[in-house]
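A look at the structure
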Amino acid sequence: FIFIYTMFLSEILHPIPPKKFRDEIFGKKVHWWKAPSGGSHRYSKLYSWEKFDAHLHDWRNSNHIQLADVDDKGKVQLGSGEKWDKGRDKGLSKGDVYNLWRHGHSIVIPFCEYQSQTLWSLCNTFEKQMPFKQGTANMYCSSKANAHTFAPHRDSTENFLFHIDGQVRWRFYEENGKDKLRETQSIILGTGDLLYIPIGVYHDTQPMGPRLTASVHFGHKKDDKPNNREKMYDWYRWFEYQREIKL
């Protein structure tokens, strides 16, 4: 069975209609969707601390694990914006990464969209209904308040931040002279909130406790060729279906 879970852009962006998002928000400004009443856990199916735990324990096969404010040699560089990457760099063991994370260095897990069928569907929906290249989902995982993240920076992708657990202060900046930034906005993203950041907007984050955030991001398409996203399959539901046939 090929996994097919239908999701609509209108569901994701509610209560903003997709046309209004394209015309008034997309590429123009930051937008924050607060979780509706009783909806703080609406993104819990995207990812979980249990999935995070299982992924980190599978150390041998988890090649893309990143640590904030740690350089390519595994040395702590506070406030540097450096990023240690397990698939690229050496010098840190599983225990080293655990201790650095426990003491406040946020972990980033790239390419999470195939660890969750709901996350895969989210990416697929954006790619089919917006002028986006094939995107990816990174998971930002912090263990405590004021955990190290990254210095103020801007991205070359359209970013959608689905906040799964915890609270994070997001700060936004604009250029104010050569190599200087001026803060223009500060918000606290809570569980169940969604945040859109257009390409090129300077930002940084400050976790206010343990947090889990899915960053789903896309570049712009320059042609009309369809995105050939790799399919998801219902591995276990196949034999469940066979059992139902036999019954």
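Refer to the structure presented above.
What comes next is a walk through the structure.

Conventions adopted
Residues numbered from 1 in each chain as written. Predicted model: local features only at pLDDT ≥ 70, side-chain atom pairs only at ≥ 80, totals over all residues. Heavy atoms only, no water. Helix = DSSP H or I, 4+ residues; strand = E, 2+ residues; numbered from the N terminus. Rg over C-alpha atoms; globule rule 2.2 N^0.38 Å. Buried < 20%, exposed > 50% of the residue type's maximum accessible area, 1.4 Å probe, protein only. Areas by Shrake-Rupley, 256 points an atom, 1.4 Å probe, with all protein chains shown as cover. Pairing = 2+ DSSP bridges. Axes fitted to C-alpha atoms, helices over the stretch in contact; angles between N-to-C directions. Contact = heavy atoms within 4.5 Å. Polar contact = N/O pair within 3.5 Å; in protein donor to acceptor, adjacent residues only side chain to side chain. Core = buried A, V, L, I, M, F, W, Y, C linked by side-chain atoms within 4.5 Å. Disulfide = S-S within 2.5 Å. Phe/Tyr/Trp six-rings, centres within 6.5 Å; stacked < 30°, edge-to-face > 60°. Expected span 1.5 Å × (residues − 1). Salt bridge = Lys/Arg side-chain N within 4 Å of Asp/Glu carboxyl O.

A tally of helices and strands in the protein yields six helices and 11 strands. The C-alpha radius of gyration of the protein comes to 19 Å, within 12% of the 18 Å expected for a compact globule of 247 residues. Each principal axis of the C-alpha atoms in the protein carries an extent, and together these give about 65 × 45 × 40 Å. When burial is assessed residue by residue, the protein has 46% of its 247 residues classed as buried. For the protein, the exposed area adds up to about 13,800 Å²; of that, 50% sits on carbon and sulfur atoms.

Looking now at the sheet that holds strand β7 (residues 168-175). Taking strand neighbours across the sheet as the criterion, the three strands line up as β8-β7-β10 in an open arrangement whose pairing is antiparallel. The sheet is open, and its two edges are formed by β8 (181-189) and β10 (202-207), each paired on a single side. Here the strands of the sheet are splayed against their neighbours by 20° on average, with no regard to which way each runs. Two strands pair when backbone bridges link them, and β7 and β8 are joined in this way by eight bridges, in the antiparallel orientation. Note that in β8 the partner of Y173 across the bridge is E183.

Checked against the element boundaries, W32 lands in strand β1 (residues 31-33). In sequence terms W32 and H203 are 171 residues apart; their C-alpha atoms lie 14 Å from each other. Setting aside chain neighbours within four positions, we find W32 in contact with I187, I188, L189, D193, L194 and L195. Polar side-chain contacts of W32 include one of 3.1 Å to the side chain of D193.

Here we come to the nonpolar core. Within the largest apolar cluster, 44 residues are counted, with the highest numbers of intra-cluster contacts made by F21, F126, M139 and F162. One finds L161, F172, I187 and L195 within the second-largest nonpolar core, a separate group that totals nine residues.

Our focus in this paragraph is the state of the cysteines. Here the structure, examined in full by the defined rule, presents zero disulfides. As a non-bridged cysteine, C112 has C141 as the owner of its nearest cysteine sulfur, 7.2 Å distant. Given a relative accessible area of 0%, C141 falls into the buried group.

Tallied over the entire structure, the rule returns 16 aromatic pairs. Here the aromatic rings of Y43 and F162 are separated by 5.1 Å at their centres, their planes lie at 85°, and the arrangement is edge-to-face. Here the residue Y43 occupies a position in the loop between β1 and α3 (49-57), and F162 occupies one in strand β6 (residues 158-165), the gap between them amounting to 119 residues. With centroids separated by 5.3 Å and ring planes inclined at 50°, the aromatic side chains of F126 and F218 adopt a geometry described as tilted.

Across its 13 residues, helix α5 (residues 117-129) extends 18 Å between first and last C-alpha, which sits within 8% of the 18 Å expected from 1.5 Å per residue. For α5, the secondary structure elements touched by its buried residues are α1 (9-13), β5 (136-142), β6 and β11 (211-218).

Here we come to the side chain of T205. Among the secondary structure elements, T205 is positioned in strand β10. Residue classification places T205 among the buried residues on the basis of a relative accessible area of 14%. The residues touching T205, leaving out its near neighbours within four places in the chain, are T149, V168, R169, W170, R171 and R211.

As a further point, take the pattern of salt bridges. Opposite charge on two side chains makes pairing possible when the charged atoms of those side chains draw close. Counted according to the given criterion, the structure contains five salt bridges. With a shortest N-O distance of 2.6 Å, K19 and D23 are connected by a salt bridge. Remark: D23 and K19 occur in helix α2 (residues 18-25); sequence separation between them is four residues, near one turn of the helix. On the accessibility criterion, D23 (42% relative accessible area) is partly exposed. Here R229 and E127 are joined by a salt bridge, their closest N and O atoms 2.5 Å apart.

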